[in-house]
Amino acid sequence: MFVAEKATGHLIEVLDTQALFDPHIQQVTGSLHYGEEAQDPEPYAKSGLAFPSGEPLPVCWTDPNYRRHR
């Protein structure tokens, strides 16, 4: 699954989508897709990621207490 870095807009291929969906995990491992080839995997904070369209990630993916904020 691809997401984008908020600061640069560069695409990141998330290698572990389960970690992306788990609100208890604050970082995901991904490969930056910039230039001619994908870079080596590295950790990225979920707080710095968004969908390629610019939409933020769902709160249920980033905040383990999202149900209590109603």
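Everything below is about the structure printed above this text.
In this report, the structure presented in the accompanying data block is examined. (Residues numbered from 1 in each chain as written. Predicted model: local features only at pLDDT ≥ 70, side-chain atom pairs only at ≥ 80, totals over all residues. Heavy atoms only, no water.)

**A short note on the overall build of the chain**
Link 1 in the chain: Across its full length, the chain carries 2 helices and 5 strands.
Link 2 in the chain: In terms of C-alpha radius of gyration, the chain reaches 12 Å, essentially the compact-globule figure of 11 Å for 70 residues.
Link 3 in the chain: Counting only C-alpha atoms and orienting by the principal axes, one finds that the chain spans roughly 45 × 20 × 15 Å.
Link 4 in the chain: Counting across all 70 residues of the chain, residues that qualify as buried make up 26%.
Link 5 in the chain: Put simply, 34% of the contacts in the chain that link residues at least 6 apart link residues at least 24 apart.
Link 6 in the chain: As displayed, the chain offers around 4800 Å² of accessible surface, 49% of which is attributable to carbon and sulfur atoms.
Link 7 in the chain: The distance from the centre of the 5 positive side-chain charges to the centre of the 10 negative ones in the chain is 21 Å. (Helix = DSSP H or I, 4+ residues; strand = E, 2+ residues; numbered from the N terminus. Rg over C-alpha atoms; globule rule 2.2 N^0.38 Å. Buried < 20%, exposed > 50% of the residue type's maximum accessible area, 1.4 Å probe, protein only. Contact = heavy atoms within 4.5 Å. Areas by Shrake-Rupley, 256 points an atom, 1.4 Å probe, with all protein chains shown as cover. Lys, Arg positive; Asp, Glu negative; His and termini not counted. Charge placed at Lys NZ, Arg CZ, Asp CG, Glu CD.)

**A few points about the packing of aromatic side chains**
Link 1 in the chain: Summed over the entire model, instances satisfying the criterion amount to 2 aromatic pairs.
Link 2 in the chain: Plain terms: the ring middles of F21 and W61 are 4.8 Å apart, the flat faces sit at 50 degrees to each other, and that makes the pair tilted. Of the two residues, F21 is situated in helix α1 (residues 17-21) and W61 in helix α2 (residues 59-62); the sequence distance between them amounts to 40 residues.
Link 3 in the chain: Residue classification places F21 among the partly exposed positions, given a relative accessible area of 33%.
Link 4 in the chain: Through a chain of ring-to-ring contacts, three or more aromatic side chains come together here, namely F21, F51 and W61. (Phe/Tyr/Trp six-rings, centres within 6.5 Å; stacked < 30°, edge-to-face > 60°.)

**Focus: the nonpolar core**
Link 1 in the chain: Listed in full, the 11 residues of the largest apolar core are V3, I12, V14, A19, L20, V28, L32, Y44, L49, L57 and W61.
Link 2 in the chain: Breaking this core down by element, the ones donating at least two residues are β2 (11-14), α1 and β3 (27-33).
Link 3 in the chain: When sequence neighbours within four positions are dropped, the list of residues in contact with L20 reads M1, V3, V14, V28, K46, L57 and W61. (Core = buried A, V, L, I, M, F, W, Y, C linked by side-chain atoms within 4.5 Å.)

**Describing the pairing of β3**
Every other side chain in a regular strand lies on the same face of the sheet, so the side chains alternate between the two faces.
Link 1 in the chain: Here β2 pairs with β3 via 4 bridges, running antiparallel. The residue bridging V14 from the neighbouring strand is G30, located in β3.
Link 2 in the chain: Of the pairings in the sheet, the one linking β3 to strand β4 (residues 42-45) comprises 4 bridges and is antiparallel in character. In the strand pairing of β4, T29 is matched with P43. (Pairing = 2+ DSSP bridges.)

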